[in-house]
Amino acid sequence: VEGRPLDQLLREGRPPLDQALALVIGAARGVDALHAAGVVHRDLKPQNIVVGRDGRPVVLDLGLAVAPDRDERLTRTGAVVG
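Small disclaimer: the values here were computed from a predicted structure and weren't measured.

Student: Hey, could you run me through the nonpolar core in this one?
Tutor: Across soluble globular proteins, you tend to see nonpolar side chains buried next to one another. Listed in full, the five residues of the largest apolar core are Leu-6, Leu-23, Ala-27, Ile-49 and Val-51. Of all the elements in the fold, those that place two or more residues in this core are α2 (17-36) and β2 (49-52). Sequence-distant contacts of Ala-27, that is, excluding residues within four places in its chain, are made with Ile-49, Pro-57 and Val-59.

Structural data, given as structure tokens:
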């Protein structure tokens, strides 16, 4: 995803309220989609949300994600990822 991590954008200053709300709503929709697929992110933080060039947030880095309904980790201990 081309863009910038949310934590970098926030270091530049507080975004206007409408932009902040759009970022929160977009990130929440991304997490909701993960939950609908049975995945729990487990490491959601500003560094793991990238704001694309179009201004839309994308939730990334599922390295600690789990699928509790299947009792499976999406990554394994000791596995090389990326």
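Student: Looking at this model, I keep getting lost on the sheet that holds strand β3 (residues 57-59). Mind explaining?
Tutor: Where strands meet in a sheet, backbone hydrogen bonds hold them as pairs that are either parallel or antiparallel. In spatial order, the strands read β1-β2-β3; together these three strands make up an open sheet with antiparallel pairing. Unpaired on one side and paired on the other, β1 (3-5) and β3 mark the two borders of the sheet. Ignoring which end each strand starts from, the neighbouring axes of this sheet average 30° apart. With three bridges connecting them, β2 and β3 associate as antiparallel partners. Looking at the pairing, Ile-49 lines up with Val-59 of β3. Where α2 meets the sheet, it contacts β2 and β3, and its direction lies at approximately 30° from that of β3.

Reading the values: the criteria
- Residues numbered from 1 in each chain as written.
- Predicted model: local features only at pLDDT ≥ 70, side-chain atom pairs only at ≥ 80, totals over all residues.
- Heavy atoms only, no water.
- Core = buried A, V, L, I, M, F, W, Y, C linked by side-chain atoms within 4.5 Å.
- Buried < 20%, exposed > 50% of the residue type's maximum accessible area, 1.4 Å probe, protein only.
- Helix = DSSP H or I, 4+ residues; strand = E, 2+ residues; numbered from the N terminus.
- Contact = heavy atoms within 4.5 Å.
- Pairing = 2+ DSSP bridges.
- Axes fitted to C-alpha atoms, helices over the stretch in contact; angles between N-to-C directions.

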